[in-house]
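Structural description and commentary
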Amino acid sequence: MLKRVLKYLYIALVVCYMAAALIVIPGIGDDGLCKGILIEMTDNTMGTVNRESIIEMLKEEGLDPNGLPVDSVKCYRIERFVNSMSLVKSAQVYKTGNNYIQLDIICRQPVIKVIDHTGNRYCVDNEGVRIEGVQKALLLPVATGYITDTIAAKELKEMAEVISGSPFWQAQIQQIYFKENGDVLLIPRVGEHVVELGKAENVGSKLEKLYTFYEKGLNVVGWNKYDVLNIEFGDRVIGSRRE
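A short tour of the structure in this document, coming up. Just so it is clear, the model here is predicted, and its values are computed rather than measured.

The rules behind each value
- Residues numbered from 1 in each chain as written.
- Predicted model: local features only at pLDDT ≥ 70, side-chain atom pairs only at ≥ 80, totals over all residues.
- Heavy atoms only, no water.
- Helix = DSSP H or I, 4+ residues; strand = E, 2+ residues; numbered from the N terminus.
- Contact = heavy atoms within 4.5 Å.
- Areas by Shrake-Rupley, 256 points an atom, 1.4 Å probe, with all protein chains shown as cover.
- Pairing = 2+ DSSP bridges.
- Axes fitted to C-alpha atoms, helices over the stretch in contact; angles between N-to-C directions.
- Phe/Tyr/Trp six-rings, centres within 6.5 Å; stacked < 30°, edge-to-face > 60°.
- Buried < 20%, exposed > 50% of the residue type's maximum accessible area, 1.4 Å probe, protein only.
- Core = buried A, V, L, I, M, F, W, Y, C linked by side-chain atoms within 4.5 Å.
- 1 Å grid on protein atoms, 1.4 Å probe; cavity = no way out; pocket = protein on both sides within 12 Å on 5 of 7 lines; lining within 4 Å.
- Points joined across faces, edges and corners; volume = space filled by probe spheres on them.
- Nonpolar A, V, L, I, M, F, W, Y, C, P; charged D, E, K, R; others polar.

In terms of regular secondary structure, the protein is built from 7 helices and 12 strands. Put simply, 54% of the contacts in the protein that link residues at least 6 apart link residues at least 24 apart. Just so you have it, the protein exposes about 14,400 Å², and 54% of that area is on carbon and sulfur atoms.

Spatially, S1-S3-S2 is the arrangement adopted by the 3 strands of the open sheet, whose pairing is mixed. Across the chains shown, the open sheet's two edge strands, defined by having one partner strand only, are strand S1 (37-42) and strand S2 (88-95). Put simply, the sheet's adjacent strands are angled 15° from each other on average, direction ignored. Where helix H2 (residues 51-60) meets the sheet, its contacts fall on S1 and strand S3 (101-107), and the angle it forms with S1 comes to roughly 130°. In this fold helix H3 (residues 75-83) packs onto S2 and S3, with an angle of close to 165° to the strand it touches most, S2.

If you walk through the whole model with that rule in mind, you get 6 aromatic pairs. Aromatic side chains Trp169 and Tyr214 sit 5.9 Å apart centroid to centroid with 40° between the ring planes, which places their arrangement in the tilted category. Note that Trp169 is positioned in helix H6 (residues 167-172) and Tyr214 in helix H7 (residues 203-221), a separation of 45 residues in sequence. Here Trp169 matches Tyr214 in class, with each residue buried. Consider the rings of Phe213 and Tyr226, whose centres lie 5.9 Å apart with planes at 55°: the pair is tilted. Here Phe213, found in helix H7, pairs with Tyr226, found in strand S11 (residues 226-230); they are 13 residues apart in sequence, far enough to count as distant.

Moving on, we come to the environment of Val194. Take Val194: it is sitting in strand S10 (residues 194-199). As a C-alpha pair, Val194 and Tyr226 span 32 residues in sequence and 8.6 Å in three-dimensional space. Setting aside chain neighbours within four positions, we find Val194 in contact with Leu185, Leu186, Ile187, Asp227, Val228 and Leu229.

Let us now look at the nonpolar core. Within soluble globular proteins, side chains that are nonpolar tend to cluster in buried spots. The biggest cluster of nonpolar side chains holds 31 residues, and the ones touching the most others in it are Ile112, Ile147, Leu156, Met159, Ile176 and Phe178. Discounting residues that sit within four places of it in the chain, Ile176 has contacts with Ile112, Pro141, Val142, Ala143, Thr144, Met159, Ile163, Val184, Leu185 and Leu186. Membership of the second largest hydrophobic core comes to 25 residues, among which are Cys34, Val82, Met85 and Ala91.

On to the layout of surface pockets. Volume-wise, the largest pocket comes out at about 250 Å³. If you go around the largest pocket, you meet 15 residues; those closest to its centre are Thr48, Ser53, Met57, Leu87 and Gly133. With 3 residues, the single largest contributor to the lining of the largest pocket is H2. In this structure, the second largest pocket encloses a volume near 190 Å³. Around the second largest pocket, the lining is made up of 14 residues, and of these Lys113, Arg121, Tyr122, Cys123 and Val134 lie nearest the centre. Contributing elements (two or more residues each) for the lining of the second largest pocket: strand S4 (110-116) and strand S5 (121-125). Residues belonging to the lining of the second largest pocket are distributed by class as follows: 9 nonpolar, 1 polar and 4 charged.

The strand order across the open sheet built from 9 strands is S6-S5-S4-S7-S8-S9-S10-S11-S12, with neighbouring strands paired in mixed fashion. Each edge of the sheet is formed by a strand with only one pairing partner; in this case those strands are strand S6 (130-131) and strand S12 (238-241). Taken together, the 4 bridges between strand S9 (residues 183-188) and S10 define a ladder with antiparallel strand orientation. Looking across to S10, one finds that Val184 is bridged to Gly198. Along the sheet, helix H5 (residues 155-164) makes contact with S4, S5, strand S7 (142-145), strand S8 (173-178), S9 and S10, crossing S4 at roughly 145°. Of the strands in this sheet, S8, S9, S10 and S11 touch H7, which is tilted by about 150° from S11.

Take a look at the structure:
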C-alpha cells in the first residue's frame, strides 16, 4: 500500500515539475514564432518619433519580424535601418526570452526649425545635428535667411546648444535671421524690439548679457521702450529708443 502511495506521489511531482517548466522556461511550449515588436523610447519628450510609423516603415522595408520564426530574425538589419532614421540618435535591437523583438531607441531632440534661402526645411537638434522628416508641428525658434551647410554645421550648431540649455531662450526666441553678410538678427516673442547679435559667435556670453539687461533694464523701463538692442560686442547692450 505504501509503495503504491509513493508511486502516485512521484508521478504527481513529475507532472507538476513539467507544468512548471513550461511556464518558467521561455520559449518552451510555444511555436517559436515572433509575437511582435516592443519599442521603448528615451528623450521623445516632443513626440517626434511615433511607434506606429516605425513599425509601418519596417513593414515597407520587409523587416517586420511579426509571425516569423524568431531564430530567422536578423536583429542587426532592423537595428541598422532604424539607426539610419534622421530622428533616431541611436537604436539597439535584440530578442527577448518570450519571442518578442525589443527595440530600444534614443531620440534626437529638435531645438531649431530651419527654412533656408533655397527653401529647404529641416530641424537642428541640441547637438547641432540636422534632422529631416519632422512631421509634427513644434513650437520652436525658426531660423531663416542665408543659411548654408557651413553655417548650419557651425554657427547654427552653437546657437542650438546654447538655446537647448536654457528654457528661457527656448521660449523667448521666436526667429533667428541670418543676413547675407553672416550677421544674425533675433526676433523675440516678448517685446517689440529686434536683437542684433552680430556674428554667431560667443552666443552664450552675448545672450547672458542680454538676459541681464532684460532682468535689470526692461523689467524696470518697459519691454517696448526700444526698437533695437545691439549685443554684437558682448560686453554691453546698446539700445535704440523709440521716437
